[in-house]
Amino acid sequence: MSRDKHIEIALQDAERYARPHMDQGKVATYIPELAKGDPTKLGICIRTPDGEEYCQGDCQTEFSIQSISKTITLILALQTAGYDRVFSKVGMEPTGDAFNSMIRLETLTTHPMNPMINAGAIATTSCCIKGCADPFGAFLSLARTLCGRETIRLNKEVFTSEYQAGGRNRAMAYFMQSENLLEWDAEDVVELYFKMCSINVNVRDLAHYGLVLACNGKDPATGRQLVDPWICRIVKTLMMTCGMYDASGEFAVKVGLPAKSGVGGGILASAEGRMGLATFAPGLDKRGNSIGGWYALEFLSQNLGLHCFSGHTEE
Ligand code: GLU
């Protein structure tokens, strides 16, 4: 194993590039507990298949995973319920609407458009329950395995805060229940969904997960296949097309990596075969994406040639 100096320098430069933009961001307040986030924090982590880890800034700081959990929920739903059942409840198309929008539920189709928005994730969450005695335990165990850390736990304060402020998510769940889309009672489904959003992670955890996705579900450190390649392919594709809220198209053009952001300030990204990346900076733009994280990833993509269409030429 050898440290890659180019990556070390790129990370330092990415922090310098991203920091000046961060004061435009605002921490999320619609979940009261998230309002406590410190907008000066910035953490960036990269993990590579040779076992190296590169950390810059606030890499130990824990934050709630929020919408990044939707990727793990989708994996669990596909493992538990299978392709046909999951995609009979949720579509595969980007919306161009806000992550918590419910407008298309009634106007276009009763099925939520994709598993990366709230309505879609609530539908996939319901696919994780049937026949499972402890669905949150199964989710937590999968999250720990993918992130490579057994001490990942529920943040009870965030969960309580989400639970109390969750009227909009409940409204979507009850609407879907009325359309027979949920496999379980709406209240139980949203409670599980809120818990899934409320586990605490840091960027080192998410970079580990991003690396597993980059290696098609295999943990390169142990050689263990943690997720089937067909599931990884679906999750990465939906991250690419729908993972950055209603800025997914712009992110695909500018950064060109499958990624998923959360309103806790985290972004998970995966560079095929090359590395897992994660950023944390709680100040968000209008669409809910972390500003510091976005700029850092944009810099790293250009500097390290990570864009999936960067047109590699043989030297
Ligand atoms: N728990 C959040 C919600 O349901 C997740 C939103 C997000 O991170 O995009 O509103």
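Our subject is the structure that appears above.
Residues numbered from 1 in each chain as written. Predicted model: local features only at pLDDT ≥ 70, side-chain atom pairs only at ≥ 80, totals over all residues. Heavy atoms only, no water.

A. Helix α6 (residues 156-164), seen in detail. Within the span of α6, buried status applies to V158, F159, S161 and E162. Each buried residue of α6 lies within a common arc of 165° when the element is viewed along its axis, so the set occupies one face. For α6, the exposed residues set more than 90 degrees away from the buried face come down to K156 and Q164. Packed against the buried residues of α6 are β3 (63-64) and α8 (186-197). (Buried < 20%, exposed > 50% of the residue type's maximum accessible area, 1.4 Å probe, protein only. Helix = DSSP H or I, 4+ residues; strand = E, 2+ residues; numbered from the N terminus. Arc of directions from axis to C-beta. Contact = heavy atoms within 4.5 Å.)

B. Main features of the packing of helix α7 (residues 167-178) against α8. Contact geometry of α7 with α8 gives a least axis separation of 9 Å together with a crossing angle of 140°. By the angle between their axes, α7 is oblique relative to α8. With respect to the hand of their crossing, α7 and α8 are arranged in right-handed fashion. Across from N169, R170, A173, Y174 and Q177 in α7, the residues of α8 making contact are A186, E187, V190, Y193 and F194. Tallied by class, residues from the contact of α7 with α8 come to six nonpolar, two polar and two charged. (Axes fitted to C-alpha atoms, helices over the stretch in contact; angles between N-to-C directions. Parallel < 35°, antiparallel > 145°, perpendicular 65-115°, else oblique. Left-handed = near helix turned anticlockwise from the far one by under 90°. Nonpolar A, V, L, I, M, F, W, Y, C, P; charged D, E, K, R; others polar.)

C. Region of interest: the site of the ligand. Lining the immediate environment of the ligand, one finds 14 residues, of which Y30, Q66, S67, Y193 and Y245 sit closest. Contacts to the ligand include N169, whose side-chain N or O atom sits 2.9 Å from an oxygen atom. Coverage of the ligand by the protein amounts to 99% of the 300 Å² it exposes when considered alone. For the shell around the ligand, a count of residues per class yields seven nonpolar, five polar and two charged. (Near = heavy atom within 4 Å. Polar contact = N/O pair within 3.5 Å; in protein donor to acceptor, adjacent residues only side chain to side chain. Areas by Shrake-Rupley, 256 points an atom, 1.4 Å probe, with all protein chains shown as cover.)

D. Structural context of the environment of A221. Within the secondary structure, A221 is located in the loop between α9 (203-214) and α10 (229-242). Placed 170 residues apart in sequence, A221 and G51 show a C-alpha to C-alpha distance of 6.3 Å.

E. Here's a closer look at unusual backbone geometry. With phi around 45°, Q66 is a residue other than glycine that occupies positive phi space. Here Q66 shows up in the loop between β3 and α2 (69-86). Residue class for Q66 comes out buried when judged on its relative accessible area of 3%.

F. A look at the packing of aromatic side chains. Within the structure shown, the criterion is met by nine aromatic pairs. With centroids separated by 6.0 Å and ring planes inclined at 65°, the aromatic side chains of Y17 and Y295 adopt a geometry described as edge-to-face. Of this pair, Y17 sits in helix α1 (residues 5-18) while Y295 sits in helix α12 (residues 291-304); the two residues are 278 residues apart in sequence, bridging distant segments of the chain. Arranged with centres 5.0 Å apart and planes meeting at 80°, the rings of F251 and W294 form a pair that is edge-to-face. Of this pair, F251 sits in helix α11 (residues 248-254) while W294 sits in helix α12, placing them 43 residues apart in sequence. Like W294, F251 is buried. Each member of the aromatic cluster is reached from another via a ring pair, and the members are F159, Y163, Y193 and F194. Taking NZ or CZ as reference, R3 lies 4.2 Å from the ring centre of Y54, over its face. (Phe/Tyr/Trp six-rings, centres within 6.5 Å; stacked < 30°, edge-to-face > 60°. Lys NZ or Arg CZ within 6 Å of the ring centre and 35° of its normal.)

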